[in-house]
There are 2 protein chains.
Amino acid sequence: MNSHHRPSSPSGTNLDPWYNNYADRAAGLSVSEVRALFAVASRPEVVSLAGGMPAVSALPQHLVVESMAKVMAEQGSVALQYGSGQGVPRLREHILDVMAQEGISGSVDDVVVTTGSQQALDLVTKLFINPGDVILVEAPSYVGAIGVFRSYQADIEHVLMDDDGLIPEALREAITRVKSSGRTIKFLYTIPNFQNPAGVTLTAQRRVEILQICRSEGILVLEDNPYGLLYFDGPPPAPMRSTEDEGVIYLGSFSKTFAPGFRVGWAIAPHAIREKLVLAAESAILCPSSFSQLVISEYLSTADWKSQINTFRGVYEERKNTMLAALAEHLPEMTWTKPNGGFYVWLTLPDYLDAKQMLPRAVTELVAYTPGTAFYADGGGRNKIRLSFCYPTPDQIRLGIRRLTTVINSEIDLLETFNATGPLQTIRQSRSFSAPPPDLD
Amino acid sequence: MNSHHRPSSPSGTNLDPWYNNYADRAAGLSVSEVRALFAVASRPEVVSLAGGMPAVSALPQHLVVESMAKVMAEQGSVALQYGSGQGVPRLREHILDVMAQEGISGSVDDVVVTTGSQQALDLVTKLFINPGDVILVEAPSYVGAIGVFRSYQADIEHVLMDDDGLIPEALREAITRVKSSGRTIKFLYTIPNFQNPAGVTLTAQRRVEILQICRSEGILVLEDNPYGLLYFDGPPPAPMRSTEDEGVIYLGSFSKTFAPGFRVGWAIAPHAIREKLVLAAESAILCPSSFSQLVISEYLSTADWKSQINTFRGVYEERKNTMLAALAEHLPEMTWTKPNGGFYVWLTLPDYLDAKQMLPRAVTELVAYTPGTAFYADGGGRNKIRLSFCYPTPDQIRLGIRRLTTVINSEIDLLETFNATGPLQTIRQSRSFSAPPPDLD
């Protein structure tokens, strides 16, 4: 799926005198749907259900300002200086406090602080992937991970999910399929909690089963858990890292439980891997921001961060409820996931609709979303949409879903008109939902 | 020089269950001399002439605190949020103001903000280097650049320098040598001003000549200029980027003119390359820290940053003068470079001394330095030492050079004793300096 050819972007051809000089891996760096969307969605009149921006307005700014003031007053010269490539030891201790909330114990030596957990994804991929190596990835999966994997010329092999997360039997089949093709599997990338983009959570039993499969097959697990503490009804099952030290690299982030503007995430890795991760991190950026780390460390030691996470939970749960209610009201014939935490709902359109093709119309109607194809490396997800409830207010969410409904109905009308004399029957027969959309009947 | 074999670190072998899973490029991630030194040099009783830490104590902290307070009061929700992958537009405008000081003009579109200029090095290398591609690099060169280049399996080809910087004729010869070996040169990496580690500056005439060579050979220039504004007697010649837009990627940094703790640097690149750099940056970390960028932007728009750079110049010039005077007093028979700016002096020991082997003795005598071999990819620099005058106070510098003199004299005594009955004559004959060291005669 990762073609090793040059990109054919307009700027990448005869206008670029260095066109023939790029590394092969540069072909994996293509402009994603999501990137173009960020520009569009930033216009204030557009209700964006597209991005994954956290609700930083729910974080009292005085808490941040006080932490900063204290850091500068007490450790100013440390905050302004270079620091250790692995991260400030005191912050790594605080990260273990956060991890204890999810049942993970470890040593400060096992923690590597990164510039957002995105950088941890990049470093792990750099460390393990030769061109053509296989990464097993949920179908669908985080667009930013797919981008990193491609940038190191990985072959991305999707594994099916259902409402209970990754399907163990599908994992076994994928492993057999890849092995019989002679390729090498380097790791399984999974977001077990409130998955991005699908919003589903891996059950406890499946976690055990997937760990058993990976252990017996010698496959490393890369467990990405940025949303684990942002649950609604109750906590998700314990992370895989809580029962398996040697076979799991765990990724965490302060972007969702504090603020993304500081770019602080972390990896907890088996000892030997951790050593190499630190070297890779030093090579990439020398060290993470001392200032950012000390501010977060100060916040975690003086503020009531657990209660703040509880506040975030309340904010996101209200928005999720608003979105699900709006979907039920306006698009009752469609299907969508019911997340128990996190940021995202995954909407399935009638299978004759193309969410990416429909996007310009949506932007005209002042609503943005992320088309499902962004979350597949193989062109899948054509009739899927990721809806983010994290950033817009409940009122904006209601407005956004109303606008989206208008867009979907117009698109169906258009298709009906266009197909009135021809393939409409085919379209009708291919519908995957039971109740036909009102506009078609 | 970059052997593509597995690293043989103690942890990398039978203790690591994932030993056989790493990518080939992971072999390039070995622990450098400098890294081990950072741990040693952080002990307070050691005078460290080793690291490259700026004198952040010369930056009035109230300027930083005021910028932070203003950012949080006026743009708090932006500072805490994700931002653009290319960097905050307002900061990119301020970067152009800084660049104007060095005679570089450009568009805000050409600037990419990075997590320190180290990240720009990483992204450029990722973008251009296939395994085995050649990077032309000054001999000696920045240890962190050599590390990044190795981590992408580049072949590093050193090009000789003298007191006037990179030698154009040596560049021509290196190009011929590499081409005749059938390998591909991807770029020339150069630090023209107050070079790290050699402390020398490329003359204006050579800049013209080197640009001509690279233009006619189709070789991209990666111009790394973290110290350019930190000159002593007068500004260095204009950067190569000031006369050549399409063939030069320029790297800048706020780590030396403001503070490294925020991790903000930048690249100015030809348009098509810049587009790919942004994609690579987004893949690596999504976006640089909004908070760090806004604080620096605020500092640049409200503080008298030009006068602050002047303050830094005074601090570093005094330290440089102190170091040169101490060297002249204690080690008159040795040779060293006389930098007109920046952080470093490059000391040449008698060629029968091994600076790396001597380092444990130095640490015992409570002085640290960086052995020359760290700055070569080919084992060169055995009798060279990089001395940093950026961080220690003048008193510490005097003490450090006294201690270093004791170490060097003891080492010569030891060699004399060891060789009294044998190869001493050989050693004496191989001395490259005119006046013999007092302890030997």
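Residues numbered from 1 in each chain as written. Chains lettered and ligands numbered in written order. Predicted model: local features only at pLDDT ≥ 70, side-chain atom pairs only at ≥ 80, totals over all residues. Heavy atoms only, no water.

Labelled according to an unreviewed UniProt entry, chain A appears under the name DNA-binding transcriptional MocR family regulator, originating from Subtercola frigoramans. Quoted verbatim from the Cofactor (unreviewed entry) field of UniProt, the annotation for chain A is "pyridoxal 5'-phosphate". (UniProt positions renumbered as here; feature names shortened; annotations may be inferred.)

## Thoughts on the interface of chain A and chain B
Listed by partner, the interface residues are 79 residues for chain A and 81 residues for chain B. Interface of chain A and chain B: buried area, both sides summed, is about 6,800 Å²; carbon and sulfur atoms make up 59% of it. Joining chain A to chain B, the criterion identifies two salt bridges. Among the ionic pairs, Asp 122 of chain B bridges to Lys 126 of chain A, the shortest N-O distance being 3.5 Å. Counting across the chain A and chain B interface gives 35 residue pairs in polar contact (both at pLDDT 80 or more). Among the secondary structure elements, those contributing two or more residues to the side of chain A that touches chain B are helix H2 (61-79), helix H4 (116-128), helix H5 (143-151), helix H8 (271-285) and helix H9 (290-302) of chain A. The dominant element in the side of chain A that touches chain B, judged by the number of residues it contributes, is H8 of chain A, at 11 residues. Residue composition of the side of chain A that touches chain B, grouped by class: 43 nonpolar, 23 polar and 13 charged. (Contact = heavy atoms within 4.5 Å. Buried area = accessible area lost by both parts, 1.4 Å probe. Salt bridge = Lys/Arg side-chain N within 4 Å of Asp/Glu carboxyl O. Polar contact = N/O pair within 3.5 Å; in protein donor to acceptor, adjacent residues only side chain to side chain. Helix = DSSP H or I, 4+ residues; strand = E, 2+ residues; numbered from the N terminus. Nonpolar A, V, L, I, M, F, W, Y, C, P; charged D, E, K, R; others polar.)

## Focus on the environment of Leu 404 of chain A
Residue and element names in this part refer to chain A. For Leu 404, the position within the fold is in helix H12 (residues 394-418). For Leu 404, a relative accessible area of 0% gives the class buried. Spatially, the C-alpha atom of Leu 404 lies 9.8 Å from that of Leu 49, the residues being 355 residues apart in sequence. (Buried < 20%, exposed > 50% of the residue type's maximum accessible area, 1.4 Å probe, protein only.)

## A look at the environment of Ser 141 of chain A
Residues and elements named next belong to chain A. Position of Ser 141 among the secondary structure elements: in the loop between strand E3 (134-139) and H5. Using a relative accessible area of 0% as the deciding quantity, one classes Ser 141 as buried. Between the C-alpha atom of Ser 141 and that of Ala 374, which follows or precedes it by 233 residues, the distance is 8.8 Å. Beyond its immediate sequence surroundings of up to four residues, Ser 141 is in contact with Ile 146, Tyr 189, Ile 191, Gln 195, Asn 196, Pro 197 and Phe 375.

## Focus on the sheet that holds strand E4 (residues 155-162) of chain B
Taken in spatial order, the eight strands make up an open sheet running E2-E9-E8-E7-E6-E3-E4-E5 (chain B), and their pairing is mixed. Looking at strand neighbours, the two that pair on one side only are strand E2 (111-114) and strand E5 (165-166) of chain B, the edges of this open sheet. (Pairing = 2+ DSSP bridges.)

## Observations regarding the sheet that holds strand E13 (residues 370-371) of chain A
Residue and element names in this part refer to chain A. Pairing is antiparallel across the open sheet formed by four strands, whose spatial order is E10-E11-E14-E13. Each end of this open sheet is capped by a strand with a single partner; those strands are strand E10 (335-336) and E13. Here two bridges tie E13 to strand E14 (residues 384-388), and the two strands are oriented antiparallel to one another. Following the sheet pairing, Pro 371 is matched in E14 by Ile 385. Together, E10, strand E11 (344-348) and E14 form the strand contacts of helix H10 (residues 305-330), whose direction differs from that of E11 by roughly 15°. (Axes fitted to C-alpha atoms, helices over the stretch in contact; angles between N-to-C directions.)

## Section: the relation of the copies chain A and chain B
Superposing chain A onto chain B takes a rotation of 180° plus a shift of 0.0 Å along the axis, which leaves an RMSD of 0.0 Å. Given the turn and translation reported, the copies of this chain are related as if by a two-fold rotation axis. Taken together, the interface assignments show that 100% of the residues at the interface of chain A recur at the interface of chain B, consistent with an identical surface on both copies. (Least-squares fit on C-alpha atoms with pLDDT ≥ 70 in both.)

## Observations regarding the UniProt feature "domain: Aminotransferase class I/classII large" (unreviewed entry) in chain A
Summarizing the sequence annotation, UniProt attributes the feature "domain: Aminotransferase class I/classII large" (unreviewed entry) to residues 62-404 of chain A in the numbering used throughout. Secondary structure content for residues 62-404 of chain A is 45% helix and 17% strand, and the end C-alpha separation is 37 Å.

## Things to note about the nonpolar core
Membership of the largest hydrophobic core comes to 158 residues, with the highest contact counts inside it found for Phe 262, Phe 291 and Leu 387 of chain A together with Phe 262, Phe 291 and Leu 387 of chain B. Filtering out sequence-adjacent residues up to four positions away, Phe 291 of chain B remains in contact with Met 68, Gly 261, Phe 262 and Phe 291 of chain A together with Met 68, Val 71, Met 72, Ala 79 and Phe 262 of chain B. Counting 120 residues, the second largest nonpolar core, distinct from the first, contains Ala 145, Val 200 and Val 221 of chain A together with Phe 128 of chain B. (Core = buried A, V, L, I, M, F, W, Y, C linked by side-chain atoms within 4.5 Å.)

## Some thoughts on the side chain of Asn 383 of chain A
In this structure, Asn 383 of chain A sits in the loop between E13 and E14. Here Asn 383 of chain A falls in the buried class, since its relative accessible area comes to 13%.

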